[in-house]
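Residue-level structural notes
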Amino acid sequence: MVSEIGRFLGRKWKCERCGQEHFVPTKWTNISRNSLSSLPNLVNQDKGGQFAVVVSDEVTWKVAGEKVANSLKGAGWQVNEILLPLPLHATDEAAKKLLNLYPSNVSLAFAVGSGTINDLVKWVATQLKVPYIAIPTAASMNGYTSPISALLIQGFKRTQPCQPPEGVLTEPEIVASAPQEMTAAGYADLMSKTVADVDWQISNLLWGEHYCPLPRKLVAEADDWLQNRLTDLSRNEPEAVSGLLEALLLSGIGMTIAGSSTPSSGAEHLISHWLEMKAISEGKEPALHGLQVGIGTLVALTVYEMLLETEPSDWRPTENELLNPDERKTEFESRYGAIAERVLSEFSAKWLSRERANEARQRLKENWERIREIVTSTWVTPEVHRQRLTTIKAATHPKEIGASVDELYEAILHAREIRRRWTVLDTAYLVGLLPDQVDQILKRCGWA
Ligand SMILES: [Zn+2]
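In this text, all values refer to a predicted model and were calculated from it rather than measured experimentally.

1. Things to note about helix 11 (residues 267-281)
For helix 11, which comprises 15 residues, the first-to-last C-alpha distance of 21 Å matches the rise-based estimate of 21 Å (1.5 Å per residue) to within 8%. Taken as a whole, helix 11 has its buried residues at Ala-267, Glu-268, His-269, Leu-270, Ile-271, Ser-272, His-273, Trp-274, Leu-275, Glu-276, Met-277 and Ala-279. Note on helix 11: the residue one or two positions beyond its end, Gly-283, has a positive phi of about 75 degrees.

So, in structure tokens, the structure goes:
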């Protein structure tokens, strides 16, 4: 155990720093040997042995789904097994299909799998108000305990508020039997906070967005523990992988506390979502989410590094930035096709007129010392990040996630358009670092 996760669960508590009250609906987690056989005892307390649905895919059924179903049946539960075919994507279509597969009298669902299955079951659970238990089969992402589901809605990636699981249960041997690249992806997803938390703090300074330091504090202890076990993670050793899973669960709880994905999702996630949308629109299989995030984090940290080298007196945006989004309709249509209108609506929400951009630069200037301090005390340097990715065998070059350098070029320029959240990519445009320096960013990342 890397920390006492239990103290955060199933209760309301108040942040001393930001003063807000937070509630974490997930009541328990259990990552221990042979825990699947004690599953009925854990869920029986308030459910009384009723009708369960076990959702898995062809792979996760063999890894844990069958065991979950048998364990419940042995305790007198009625069990309906839903086996989803592969390849499986978290799309609105797949989510609606799953919803229609649920029997009408189901009282509890089990999501046996990793990212995609959890996003789908979490969404259905919220629509039907049927609680669910997450059974992670890999330490591959931090969404198990988060309050959102990330779905591609007709080709456009959206995160929607959803109910987190009632409980999380798995065994160290199960998560350590996942392919090592899933462990690498999980670690890279966890590391997104080195960017996301800075993005969030800067948005707080610039726009007064509510900021809470707790999500970061929550993961800090687990993070220290993991730093000494990167080689173990590269070998998928059960103790290290379950420690990583615990850190990922804490990261998800951090999002629940914040009420959104903000603590763990900044510029690096926009780059990941952008690449994923592009891959799926071209009929390609996207790389693992966390591996994309690892690449996105390298970009974002590099942009921060370059931002710190700028002088406020040199800041000015390019004229194109000042064009009203309405005047850029054709540009967005040619870039995004069918989803252009939805992207433009997100982008318009954070677009700044000449006057507001000047005010924002002024605020940035006034807070410049503070911002330097925030960046350097929160992030890691791009070099350290790259080193960590290498050690755990995660991707460090776009080609390892099936993307070309040209696609990264496009993602750096445009990923910020798909979501209204303020990130370092917007700050870079605000001061004129982008679009001019995109080649330099790629060069520093070692890709051009
Ligand atoms: Zn993520």
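2. Digging into the packing of aromatic side chains
Taken as a whole and judged by the stated rule, the model has five aromatic pairs. With a centroid separation of 5.3 Å and an interplanar angle of 65 degrees, the aromatic rings of Trp-207 and Trp-422 are classed as edge-to-face. Residue Trp-207 is located in helix 7 (residues 193-207), and its partner Trp-422 is located in the loop between helix 19 (405-414) and helix 20 (424-431); the two are separated by 215 residues in the primary sequence. Grouped by ring-pair contacts, the aromatic residues Phe-332, Tyr-336 and Phe-347 constitute a single cluster. Here the guanidinium or amino end of Arg-229 rests over the ring plane of Trp-225, the centre of that ring lying 3.8 Å away.

3. Some thoughts on helix 15 (residues 340-350)
Where helix 15 is concerned, the buried positions are Ala-340, Val-343, Leu-344, Glu-346, Phe-347 and Lys-350. Taken around the axis of helix 15, the buried residues stretch over an arc of 160 degrees, which confines them to a single face. In this structure, the buried residues of helix 15 make contact with strand 9 (156-161), helix 14 (329-336) and helix 20.

4. Thoughts on the sheet that holds strand 7 (residues 132-136)
With respect to topology, six strands assemble into an open sheet ordered 3-10-7-6-4-5, the strand pairing being parallel. For this open sheet the edge positions go to strand 3 (28-31) and strand 5 (78-84), each flanked by a neighbour on one side alone. Looking at each pair of strands side by side, their axes are set apart by 20 degrees on average, direction ignored. Bridge count between strand 4 (residues 51-57) and strand 6 (residues 108-113): four bridges; the pairing is parallel.

5. Thoughts on the coordination of the zinc ion
Protein-derived coordination of the zinc ion comes from Asp-189 (OD), Asp-189 (OD), His-269 (NE2) and His-289 (NE2), at a distance range of 2.0 to 2.8 Å. Around the zinc ion sit four donor atoms, and with donor-metal-donor angles ranging over 50 to 145 degrees the site reads as irregular. Positions of the donor residues of the zinc ion, expressed as sequence spacing, correspond to D-x79-H-x19-H. With Asp-189 in helix 6 (residues 180-190) and His-289 in helix 12 (residues 289-308), this residue pair connects regions lying 100 residues apart in the sequence.

6. Things to note about a nonpolar patch on the surface
On the surface, Val-59, Val-63 and Leu-86 cluster together into a nonpolar patch covering about 220 Å² of accessible area. For Val-59, the position within the fold is in helix 2 (residues 58-74). Classification of Val-59 as partly exposed rests on a relative accessible area of 48%.

7. Concerning the packing of helix 11 against helix 12
With their axes 7 Å apart at the nearest point, helix 11 and helix 12 run at an angle of 130 degrees to one another. Overall, the two elements helix 11 and helix 12 adopt an arrangement that is oblique. Read as a crossing pair, helix 11 and helix 12 show a hand that is right-handed. Within the contact between the two elements, helix 11 uses Ala-267, Glu-268, His-269, Ile-271, Ser-272, His-273, Leu-275 and Glu-276 and helix 12 uses His-289, Gln-292, Val-293, Gly-296, Thr-297, Val-299 and Ala-300.

8. Topic: the environment of Val-293
Residue position: Val-293 is located in helix 12. Linking Val-293 and Asp-189, residues 104 residues apart in sequence, is a C-alpha distance of 5.9 Å. When residues no more than four places from it in sequence are discounted, the contact partners of Val-293 are Ala-188, Asp-189, Ser-192, Glu-268, His-269 and Ser-272.

9. Observations concerning the domain arrangement of the chain
Taken domain by domain, the chain comprises domain 1 (32-170) and domain 2 (267-444). Centre-to-centre separation of domain 1 and domain 2, based on C-alpha positions: 33 Å. Taken together, the contact between domain 1 and domain 2 spans ten residues of the former and twelve residues of the latter. Between domain 1 and domain 2, a total of about 1100 Å² is buried, with carbon and sulfur atoms accounting for 60% of that surface.

10. Remarks on the pairing of strand 4
Judged by how many residues are buried, strand 4 sits mostly within the fold: seven of seven residues are covered. Judged by which residues are buried, strand 4 turns out to be covered on both faces: Phe-51, Val-53, Val-55 and Asp-57 on one side and Ala-52, Val-54 and Ser-56 on the other are all buried. Bridge count between strand 4 and strand 5: seven bridges; the pairing is parallel. Counterpart to Ala-52 in the pairing with strand 5 is Val-79. In the classification by handedness, the crossover that spans strand 4, the intervening helix 2 and the parallel strand 5 is right-handed.

Scoring rules and cut-offs
- Position numbers for residues start from 1 in each chain and track the written sequence from start to end.
- Where local features are concerned, this predicted model is filtered to residues with pLDDT of at least 70; where side-chain atom pairs are given and counted, the filter is 80 or more; whole-chain, interface and lining totals use all residues.
- To obtain the side-chain values, all non-hydrogen atoms of the structure were used and water was disregarded.
- Helical segments are the DSSP runs of H or I of at least four residues, strand segments are the runs of E of at least two, and each set is numbered from the N terminus.
- To estimate the expected span of a helix, count its residues, drop one, and scale the result by 1.5 Å.
- Here's how the labels work: a residue is buried when its accessible area is under 20% of the maximum for its type, exposed when over 50%, partly exposed in between, all with a 1.4 Å probe on protein chains only.
- Pairing of aromatic rings covers Phe, Tyr and Trp, the last counted by its six-membered ring, and requires centre-to-centre distances within 6.5 Å; plane angles under 30 degrees mean stacked, over 60 mean edge-to-face, and any other angle means tilted.
- Lysine and arginine charges are scored as sitting over a ring when NZ or CZ, respectively, is within 6 Å of the ring centre and within 35 degrees of the ring normal.
- As used here, the arc belongs to the directions running from the helix axis to the C-beta atoms.
- We call two residues contacting when some pair of their heavy atoms lies within 4.5 Å.
- Here the rule is simple: two strands pair whenever DSSP picks up at least two bridges between them.
- Note on definitions: angles span 0 to 180 degrees between N-to-C directions of axes, and those axes are lines fitted to C-alpha atoms, for helices only across the stretch in contact.
- Sites may look incomplete, because water is not among the atoms used; the donor set itself consists of N, O and S atoms within 2.8 Å of the metal (3.2 Å for Na, K and Ca).
- The rule is simple: four donors are tetrahedral if all their angles sit between 85 and 135 degrees, four are square planar and six octahedral if opposite donors span more than 155 degrees and the others lie between 65 and 115, and anything that fits none of that is irregular.
- Candidates for patches are residues over 30% relative accessible area with no salt bridge; among them, like charges are joined within 9 Å and nonpolar side chains (Val, Leu, Ile, Met, Phe, Trp, Tyr) within 5 Å.
- Computed with a 1.4 Å probe, the accessible areas rest on the Shrake-Rupley method; for each residue, only the protein chains presented here act as cover.
- Within this document, salt bridges are pairs made up of a side-chain nitrogen of Lys or Arg and a carboxyl oxygen of Asp or Glu, the two lying within 4 Å of each other.
- Any angle that is under 35 degrees is reported as roughly parallel, and any over 145 degrees as roughly antiparallel; angles of 65 to 115 degrees are reported as roughly perpendicular and all others as oblique.
- Two helices cross in a left-handed way if the nearer one is turned anticlockwise from the farther one by less than a right angle. They cross in a right-handed way if the turn is clockwise.
- In this entry, domain limits derive from an automatic or database-based domain assignment.
- Here the quantity called buried area is the accessible surface, traced with a 1.4 Å probe, that two parts lose on coming together, added over both.
- Think of it like this: strands point away, you trace from the first strand over the helix to the second, and a clockwise trace means the crossover is right-handed.

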